[in-house]
Amino acid sequence: MKKILSTLWGLLFDDARLAVTLLIALSIAAIVSLVGHMPTLGAIVIWLGLIVALFISIEHQLTSKLRKAGK
Amino acid sequence: MNLYAMFASFLGTAVEFVEALTIVLAVGAVRGWKNAMSGTIAAIVILAALVIIVGTPLMNIIQILWVQIVVGLFMLLFGIRWLRKAILRYSGLKAIHDEAESFKEEMERQTRSGYASAKGIDRFAFMTTFSITMLEGLEAIFIVITIGLSSQRMGSAVTGAIIATVAVVLAGILLRKPLVKIPENTLKFIVGIMLTSFGAFWIGEGFSVEWPQEDVSILYLAITLLLFSWIVVKRIKSKLAPTAAQQSNTKAGAV
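Residues numbered from 1 in each chain as written. Chains lettered and ligands numbered in written order. Predicted model: local features only at pLDDT ≥ 70, side-chain atom pairs only at ≥ 80, totals over all residues. Heavy atoms only, no water.

Moving on, we get to the overall build of chain B. What chain B contains, in helices and strands, is nine helices and zero strands. Evaluated residue by residue, chain B yields a buried proportion of 47% over its 255 residues. Summarising the internal contacts of chain B: among those between residues at least 6 apart in sequence, 81% fall at separations of at least 24. Total accessible area on chain B is roughly 12800 Å²; 69% of this is exposed by carbon and sulfur atoms. (Helix = DSSP H or I, 4+ residues; strand = E, 2+ residues; numbered from the N terminus. Buried < 20%, exposed > 50% of the residue type's maximum accessible area, 1.4 Å probe, protein only. Contact = heavy atoms within 4.5 Å. Areas by Shrake-Rupley, 256 points an atom, 1.4 Å probe, with all protein chains shown as cover.)

Structure (C-alpha cells):
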C-alpha cells in the first residue's frame, strides 16, 4: 500500500491532471459496478477513463507549449 | 494419468504465464534483466513456499480480489505515466534524448533518494515483475488446484502445469535477444501500453466489472491506446509544425 501511495504521489507531482482524472474514472467505475450493479458499464467507464485522462493531460501540455511559443 | 486434466491445466497455466512473461520481458529489456529476474524469482520462491506449506486450502486463504486491485492500480499508474511521456516524446512536446543516459541518471537519482538500494536494485523493475509473477502465479495455482480437485487427478493437473511452465520459460529465453534490438523509446511506449492495459483489466476485475470477451479485453484496451496515441501524435505534430517553421525562420533571420 505504501508503494502505491508513493507511486500515486509521484504521478500527482508528474501530472496531477492525469492522476486525478484517472482516479475519478476508477471511483465511478467501482460505484457503478459494485453499488449500481452495472458491471459492463463499469468496464466502459474504465476504458473511456484511460483515454479521457490521457487526452486532458496531453492537451494541457500542448496548450502550454503553444502559449510559450506565441510569446 | 488423465489427459483431459493435464491438457486443461497446461492451457490454463500457459495463458497465465504468457501474460506474466510479456511484462517480465518488456521490463527486462527496458530496465535490465538482473532487476526483472530478481522480482520474478522472488515471487516464484514465495509461491512455491505457499503451495508446499499451505497446499490446496490456499484458495480459501488468499483473496485474489484484493491482489488484483493493488497490483492493477500499481501497474496502471506506472504504465499510464510511461505512456504519456512516450506520446509527448513522439509528438515533439518533449525531446527524445539518450534513453540509456536518462536511465542512468534516474537510477542515480533514485539511489540518492533511497528509492533504489545502494546495490543498484531497480525497485520499479523488481516490484513490477514481482507483482505480475505473484498475481499470474496465484491464478495459475488456483486453476491447477480447481482442475486437480474436480477431476480427482491432482498429479495430471500438476504435470500439465509443469510442462506449460517449461514451455513458457523456453519461449522467454528465445524471445529475449530479438527484444534488445527494439529502440529504447519504442520499448518504453510498448511497455506503457501493456502495463496500462493489464492494470486497467485487473483493477476492473477487482471492482467486479464485466469485461466483454473477458481476457481478450486486454488486447482491445491495448489497441484503443495504440490508436489513440497515433491520432494524438499526428495531431500534435501538425499543430507544432507552423511554430517550428516560424522559430527556424526567426533564427535564420538573426544569422
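So, about the overall build of chain A. On a plain count of helices and strands, chain A comes out with three helices and zero strands. Its helices and strands in sequence order give chain A the pattern α-α-α, from N to C terminus. Here chain A, with 71 residues, has 41% of them falling under the buried criterion. Only carbon and sulfur atoms are counted for the fraction: they give 74% of the accessible area of chain A, which is about 4000 Å².

Residue and element names in this part refer to chain B. With respect to the secondary-structure elements, A26 resides in helix α1 (residues 3-31). Taking relative accessible area as the criterion, A26 reaches 6% and is therefore assigned buried. Spatially, the C-alpha atom of A26 lies 6.0 Å from that of V191, the residues being 165 residues apart in sequence.

Once that is clear, we can look at the nonpolar core. Grouped together as the largest cluster of nonpolar side chains are 69 residues, with contacts concentrated most on I46, L50, L54 and I58 of chain A together with I87 and W202 of chain B. Listed by contribution, the elements that provide at least two residues to this core are α2 (16-35) and α3 (39-70) of chain A together with α1, α2 (33-54), α4 (64-91), α6 (123-151), α8 (184-206) and α9 (217-254) of chain B. The leading source of residues in this core is α4 of chain B, at 14 residues. Here I46 of chain A is in contact with L26 and A29 of chain A together with A200, I203, G204, V209 and W211 of chain B, once residues within four sequence places are set aside. (Core = buried A, V, L, I, M, F, W, Y, C linked by side-chain atoms within 4.5 Å.)

Residues and elements named next belong to chain B. You will see that S208, though not glycine, has its phi angle at about 60 degrees, which is positive. The topology assignment puts S208 in the loop between α8 and α9. Positive phi values are uncommon outside glycine, yet Q213 reaches one of about 65 degrees. By the secondary structure assignment, Q213 is in the loop between α8 and α9. With relative accessibility at 61%, the residue Q213 sits in the exposed group.

Once that is clear, we can look at the packing of α2 of chain A against α3 of chain A. Packing of α2 of chain A against α3 of chain A brings their axes to within 8 Å, and their N-to-C directions diverge by 170 degrees. Comparing the axis directions of α2 of chain A and α3 of chain A gives the class roughly antiparallel. (Axes fitted to C-alpha atoms, helices over the stretch in contact; angles between N-to-C directions. Parallel < 35°, antiparallel > 145°, perpendicular 65-115°, else oblique.)

A word on the interface of chain B and chain A. The partner chain A presents 32 residues to the 40 residues of chain B that form the contact. Between chain B and chain A, a total of about 3500 Å² is buried, with carbon and sulfur atoms accounting for 79% of that surface. Interface area lost by chain B to chain A is led by L77, R84 and F207 of chain B, which between them contribute 20%. Where chain B touches chain A, the interface holds one salt bridge. Close ionic contact of R235 of chain B with E59 of chain A constitutes a salt bridge, the shortest N to O distance being 2.9 Å. Elements with a minimum of two residues in the side of chain B that touches chain A: α4, α6, α8 and α9 of chain B. The element that contributes the greatest number of residues to the side of chain B that touches chain A is α4 of chain B, accounting for 13 residues. (Buried area = accessible area lost by both parts, 1.4 Å probe. Salt bridge = Lys/Arg side-chain N within 4 Å of Asp/Glu carboxyl O.)

Overall, the predicted model of chain A reaches an average pLDDT of 85, with 79% of residues at or above 70. Across chain A, α2 of chain A holds the top mean pLDDT of 92, while helix α1 (residues 2-14) of chain A sits lowest at 60. (pLDDT = per-residue confidence, 0-100.)

Turning to the packing of aromatic side chains, a few remarks are in order. Overall, the coordinates contain five aromatic pairs over all chains when judged by the stated rule. Geometrically, the ring pair formed by W47 of chain A and Y220 of chain B is tilted, given 4.9 Å between the ring centres and 40 degrees between the ring planes. On the criterion of chain membership, the pair formed by W47 of chain A in helix α3 and Y220 of chain B in helix α9 is interchain, its members lying in two chains. (Phe/Tyr/Trp six-rings, centres within 6.5 Å; stacked < 30°, edge-to-face > 60°.)

All names here are of chain B. On average, residues of chain B carry a pLDDT of 80, and 84% of them reach 70 or more. Of all the helices and strands in chain B, helix α5 (residues 99-113) carries the lowest mean pLDDT, 53, while α2 carries the highest, 86. On the interface metric, ipTM, the complex scores 0.86, and its pTM is 0.71.

Taking 1.5 Å as the rise per residue, α1 of chain B with 29 residues should run 42 Å; its terminal C-alpha atoms sit 40 Å apart, in good agreement. Of the residues one or two after α1 of chain B, G32 of chain B is the one with positive phi, at around 105 degrees. (Expected span 1.5 Å × (residues − 1).)

Another aspect to go through is the side chain of S156 of chain B. Position of S156 of chain B relative to the elements: it lies in helix α7 (residues 154-180). Setting aside residues up to four positions removed in sequence, S156 of chain B forms contacts with M1, N2, A5 and M6 of chain B.

Here the focus is a nonpolar patch on the surface. Together, M38, L41, I44, L48, V52, F55 and I56 of chain A make up a nonpolar patch on the protein surface, roughly 580 Å² of accessible area in all. Counting through the fold element by element, L41 of chain A comes out in helix α3. (Patch = residues over 30% accessible without salt bridge, like charges linked within 9 Å, V, L, I, M, F, W, Y side chains within 5 Å.)

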